[in-house]
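Take a look at the letters that make up each chain.
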Amino acid sequence: MTAVEVSDLRKEFVRRDGPWRRRRVPALCGISFTIERGECVAVLGANGSGKSTLVRLLATLLLHDGGSAHVFGHDVFGDPRAVRRLVNRVSVEASFFKKMSSTENLSYSARFYGMTRGETSRRIPEILERVGFPVERRGEAMEALSRGMQQKVALARALLTAPVLLLLDEPTTGLDPRSKLEVQEFIREVRQIHDATILLCTHDLDEAEALADRIGILHRGELIALGTADELKRRYETETLEGAFFAATGRALVDDEEEED
Amino acid sequence: MRGAAATLRGELIGLAGVVERNVYLVRRYIWWDIAFFVWTVANTLTIVYIAKGIEAAGGQIDVERTTTILLIGAVIWAYLGIIFEILTETVAWERWEGTIEYTFMAPLARPVHLAGMGIFSVAYGVVRAVLLFGIVAALFDLQLPEANFWSAVVVLAIASISFVGIGMMTAVLPLISPEKGVQLGFIAQGVLLVVSGVYYPVDVLPGWMQALAVISPATYALDGIRAAILDGAGVGAVWHDIWPLIIIGAVAVPLGLEVFRRGERHAKRHGKLKRSG
Ligand SMILES: Nc1ncnc2c1ncn2[C@@H]1O[C@H](COP(=O)(O)OP(=O)(O)OP(=O)(O)O)[C@@H](O)[C@H]1O
Ligand SMILES: [Mg+2]
């Protein structure tokens, strides 16, 4: 079954240049791809290439300007509530109420997904333990926790609602190498145990190669390649994914400049 | 049928979650709440002393009655401030903490979400209003022999529906203008109370303000509560204040929801929920 089906998806933002001038800037210029159930697809892209915009569109946090997106057959823009039940997300910033504890943050947000007190009081310590969070600190305010620990709570928040599609937007950016490995290990485990489908946006080429079945390259709002790591290396005739990434985006850059002339 | 029951159950749990979140926040920021309450008491005193001041300056007034009239105005001012503040935080505070995207991507119907905020704001606002009234009334040793507190609470409860509806409209402002939206909420509060006769009868206002007073729920709330506390008017006797409140509430809540829905659409179209990452 197809988990995610995106077709010619477009999104523009209005940018203000000074008080009177406005300009429409494309963030996604008609991208198409599918993700199969249980698959992990990584999207690589430089800053501003449109990764977070794609994640936000799939999370029903942005409205699109054209094309379509379906999650497990539900139209993301036509029936967002059906999609919301299936999706959760972890992004660069952990984003919590800083003075509240991790348990409090997780409890109220799980309530929005219909989980009762009975369920959360049992599941929250369980899930915190699984993400490697020191469970005895679950009553402490979020602001007292390190970034790595906050990120683990963010993972716990996403998993608590048992999403079938997990959107990960740079989940390990800014973590120390050890926390990074722990989080990556956990992502792998989630896939195996929960049979979740994952869209992982990252700058980290090793992470993409280690976790994903297929890798896409997003460049200036266009998905210029999508395939297994080996396919990409073969296509760009390089030994490493890094080589493929630079070949792909570098070539596109040259193309852009030629067009402008 | 079963599907509908399950959906309803899910929404009620979500509503409880909204209330729960606010309870956690009050608990975590309790010292701020206490400090803010002290400020409100001080502020109320500055207004309520005006009655004694007029007498001391040789004015002929019924000090006890005037003090009570001013106190009711000040309490309603504080109460409305709390309702608007909490509803505006639906967006503003969550935006600041960055949780807004997580809340807005949850499968919680927006009307239920806003209802949760409304219920909490009313419950919390009533506790604060009752404390404020009690403390200041005790300080001034107000006897209030006639007072019918029951009908005062009924009027306040019905007025609260309209207040929450208007609060939803102000809550949307931080979605449209992240930086200044919250301040616009204060403008709404101020304008609403000025035209509604917060410390004076509406008759003293210019004609155009009186016209606004007719559609302001605070006008009827102030009038009904004053009648109940000063003259002991029962629920039947303040019916002429209650029915306009019911009508205004029946318009304000759907209007508030619609305004919020549009604001949310606007924010999602232009990427204003949050911009980072
Ligand atoms: N809410 C917004 N308002 C205005 N412009 C936006 C908004 N969100 C994204 N953009 C623009 O859209 C483009 C893509 O941004 P996006 O955040 O999707 O990139 P990204 O690949 O996630 O980058 P990064 O690696 O820095 O997170 C950028 O040009 C950005 O400036
Ligand atoms: Mg990003």
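Data block above holds the structure.
The present account deals with the structure reproduced in this document. Only a predicted model underlies this, so the values are computations on that prediction, with no experimental measurement involved. (Residues numbered from 1 in each chain as written. Chains lettered and ligands numbered in written order. Predicted model: local features only at pLDDT ≥ 70, side-chain atom pairs only at ≥ 80, totals over all residues. Heavy atoms only, no water.)

A word on the overall build of chain A
To keep it simple, the criterion reads: In DSSP terms, a helix is any run of H or I states spanning at least four residues, a strand is any run of E spanning at least two, and both are numbered starting from the N terminus. The quantity called the radius of gyration is restricted to C-alpha atoms. Its globule counterpart is 2.2 Å times the number of residues to the power 0.38. Contacts are assigned to residue pairs with any non-hydrogen atoms lying within 4.5 Å of each other.
What chain A contains, in helices and strands, is nine helices and ten strands. What you see for chain A is a C-alpha radius of gyration of 19 Å, in line with the 18 Å of a compact globule of 261 residues. Summarising its shape, the C-alpha atoms of chain A cover approximately 60 × 45 × 40 Å along the three principal directions. Counting contacts in chain A only where the partners sit at least 6 residues apart, residues at least 24 apart contribute 67% of the total.

Remarks on the sheet that holds strand E5 (residues 74–75) of chain A
All names here are of chain A. Rules: At least two bridges found by DSSP between two strands is the condition for calling them paired. In this analysis, axes come from line fits to C-alpha atoms, helices being fitted only over the stretch in contact, and the angle between any two N-to-C directions falls in the range 0 to 180 degrees.
Strand order across the open sheet formed by four strands is E2-E1-E4-E5, with antiparallel pairing between neighbours. Strands with a single pairing partner mark the edges of an open sheet, and in this sheet they are strand E2 (21–36) and E5. Seen against the sheet, helix H1 (residues 51–58) touches strand E1 (2–17), E2 and strand E4 (66–71) and runs at an angle of roughly 120° to E1.

A closer look at the nonpolar core
Under the convention used in this document: Definition of nonpolar core: a set of buried residues of the types Ala, Val, Leu, Ile, Met, Phe, Trp, Tyr and Cys, connected through side-chain atoms within 4.5 Å. The buried label goes to any residue with under 20% of its type's maximum accessible area, the exposed label to any with over 50%, and the partly exposed label to all in between, with areas taken from a 1.4 Å probe on protein chains only.
Formed by 114 residues in total, the largest nonpolar core has its most connected members in Leu58, Val71 and Leu199 of chain A. In terms of residues, this core owes the most to one element, helix H3 (residues 63–89) of chain B, which gives 14 residues. Ignoring any residue separated from it by four or fewer positions in sequence, one finds Leu199 of chain A in contact with Ile35, Val41, Val43, Leu54, Val55, Leu58, Leu166, Leu167 and Leu168 of chain A. In this structure, Val90, Ile127, Val183 and Ala196 of chain A belong to the second largest nonpolar core, which totals 48 residues.

Concerning the pattern of salt bridges
Under the convention used in this document: Any Lys or Arg side-chain nitrogen found within 4 Å of a carboxyl oxygen on Asp or Glu counts as a salt bridge.
Summed over all chains, the structure comprises 29 salt bridges over all chains. Notably, a salt bridge pairs Glu126 of chain A with Arg123 of chain A, separated by 3.4 Å at the nearest N-O pair. Within this pair, Glu126 of chain A and its partner Arg123 of chain A are both found in helix H4 (residues 117–130), separated by three residues, close to a single helical turn. Of the charged contacts, one joins Glu189 of chain A and Arg130 of chain A as a salt bridge, the two residues approaching to 3.3 Å between their closest N and O atoms. Linking Glu189 of chain A in helix H6 (residues 177–194) with Arg130 of chain A in helix H4, this pair joins segments that are 59 residues apart in sequence. Within this structure, Lys11 and Asp65 of chain A together with Arg269 of chain B form a network of salt bridges that share partners.

Regarding the packing of helix H7 (residues 149–171) of chain B against helix H11 (residues 217–231) of chain B
All names here are of chain B. Put simply, the rule is: Roughly parallel covers angles under 35 degrees, roughly antiparallel covers those over 145, roughly perpendicular covers 65 to 115, and oblique covers all other angles. Residue type decides the class: Asp, Glu, Lys and Arg count as charged, Ala, Val, Leu, Ile, Met, Phe, Trp, Tyr, Cys and Pro as nonpolar, and the leftover types, Gly among them, as polar.
For the pair H7 and H11, the least separation of the axes is 8 Å and the interaxial angle reads 170°. Considered as vectors, H7 and H11 are oriented roughly antiparallel to each other. On H11, the residues that touch Phe149, Ser151, Ala152, Val155, Leu156, Ala159, Ser162, Phe163 and Ile166 of H7 are Pro217, Ala218, Tyr220, Ala221, Gly224, Ile225, Ala228 and Ile229. In the contact of H7 with H11, the residues fall into 14 nonpolar, three polar and no charged.

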